[in-house]
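Single-letter residue listing:
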Amino acid sequence: MQTTPVVKVLAAWLLGLMLVGAAFFATVSVMNGKLYSPEHQVGLYLDALRDGDGGKALGLLNASVPEGSNPTLLDGDALRRASEPLEDLEVGDARRTANDRVEVPVTYTLEGAEATSVFALERTGTEWGLFNVWEFEQTVLPTVEVTALNSVEAAVNGVDVGLPDGSAALAAFYPTSVTAQYEGKYFSAPERHATVTSRETPPPPLALATEATPELIRAVDDQLHAFLDGCAEQTVFQPTNCPFNYPTNERLAGDIAWTIEEYPAASVTPNDGAWLLAPLRGSARIETQLRDFFSGEVRDVSESVPFEFTADLTVSEDAITVTPVVRY
């Protein structure tokens, strides 16, 4: 039986329709595996971190910020710096954990160590009944605690952060790297690092060990030297309000001259919100002449006199005051 032209046209039309349908469903399948996949959502989140776009990252992650936490690390330069150390970043294949739920692993190298972060997502519906909609499961961001001895501020990822009562909890995305340090005129703390890889295991606190700067030690030394030099200018056996003296029962037979042989080495330590000077030790030398009370003989005196005293230290942003405390 011969096929009529109409039948041929109809068959060709049906075949074309089938091919279009197959291509359409293939496209939908590809789109669901790429643009509408959970892996793609994770990739968008990681891109937002690198761009420093905290608002987008927070929305994609479907996360909330812990109440009372500091948001400094969640946007802008601080966020960009937090994600810059990420290397060898790779988004793995989604693994099904339940109906419409998956987890997506992300492997990377951070601060020289290999690590993995796992993100949980769920399918919440479709677009136009064709394309899957994947969203991160709701979560709460982890926090990084920064503490500093005797300081109410620190630089975290290059941004100044207030530390009420010497500490602050900073909300952080993951995976990220956090650095904290303090650099002031009179006190500083070396940089400390922490990595944030998941919500479940926040990093240990970044405890900044604040220490006196060389400039502070020089300023303390200058005031101590001026105090002791003033004592040495007094030409008496017991300089007033000074830590050294020369007791004797012999009569003075010449001038008295004091010199400082060894100045104290200042050591500053933190203590309960203040800064303490360790006990100060040094030595002075007295040179004079004394007459023996009984024989009348005059002898030359040149003796080293060790001394010890304490001092109170008051530090403001741009000035220090050293107040010697001398007890007899």
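Structure shown above.
Residues numbered from 1 in each chain as written. Predicted model: local features only at pLDDT ≥ 70, side-chain atom pairs only at ≥ 80, totals over all residues. Heavy atoms only, no water.

K.L.:
Explanation requested: the sheet that holds strand E8 (residues 143-148) in the structure shown.
P.N.:
Adjacent strands of a sheet pair through backbone hydrogen bonds, lying either parallel or antiparallel. Spatial ordering of the open sheet is given by E11-E8-E14, a layout of three strands whose pairing is mixed. The outermost strands of the open sheet, each flanked by one partner alone, are strand E11 (167-171) and strand E14 (206-208). Each strand axis lies, on average, 20 degrees off the axis of its neighbour in the sheet, ignoring direction. With five bridges connecting them, E8 and E11 associate as antiparallel partners. Its bridge partner lying in E11, Val 146 is registered against Ala 168. (Pairing = 2+ DSSP bridges. Helix = DSSP H or I, 4+ residues; strand = E, 2+ residues; numbered from the N terminus. Axes fitted to C-alpha atoms, helices over the stretch in contact; angles between N-to-C directions.)

K.L.:
I keep staring at the layout of surface pockets and nothing clicks. Help me out?
P.N.:
Over the atoms, a rolled probe matching the size of one water molecule traces out where space is still vacant. Approximately 340 Å³ is the volume attributed to the largest pocket. Lining the largest pocket are 15 residues, and of these Asn 150, Tyr 182, Phe 187, Ser 316 and Glu 317 lie nearest its centre. Class assignment of the residues belonging to the lining of the largest pocket gives a composition of six nonpolar, six polar and three charged. Estimates place the volume of the second largest pocket at around 230 Å³. Forming the walls of the second largest pocket are 13 residues, and the residues nearest its centre are Val 118, Ala 120, Thr 139, Tyr 174 and Glu 200. Considering only residue class, the lining of the second largest pocket consists of six nonpolar, three polar and four charged. (1 Å grid on protein atoms, 1.4 Å probe; cavity = no way out; pocket = protein on both sides within 12 Å on 5 of 7 lines; lining within 4 Å. Points joined across faces, edges and corners; volume = space filled by probe spheres on them. Nonpolar A, V, L, I, M, F, W, Y, C, P; charged D, E, K, R; others polar.)

K.L.:
Is there a simple way to think about the packing of helix H2 (residues 38-51) against helix H4 (residues 76-83) in this case?
P.N.:
Think of two packed helices as two axes; the pair is described by the angle between the axes and how far apart they sit. Where H2 contacts H4, the axes come no closer than 6 Å and their chain directions differ by 120 degrees. Between H2 and H4, the angle is such that the two are oblique. Within the contact between the two elements, H2 uses Ala 48, Leu 49, Arg 50 and Asp 51 and H4 uses Leu 79, Arg 80 and Ser 83. Residues that form the contact of H2 with H4 fall into these classes: three nonpolar, one polar and three charged. (Parallel < 35°, antiparallel > 145°, perpendicular 65-115°, else oblique. Contact = heavy atoms within 4.5 Å.)

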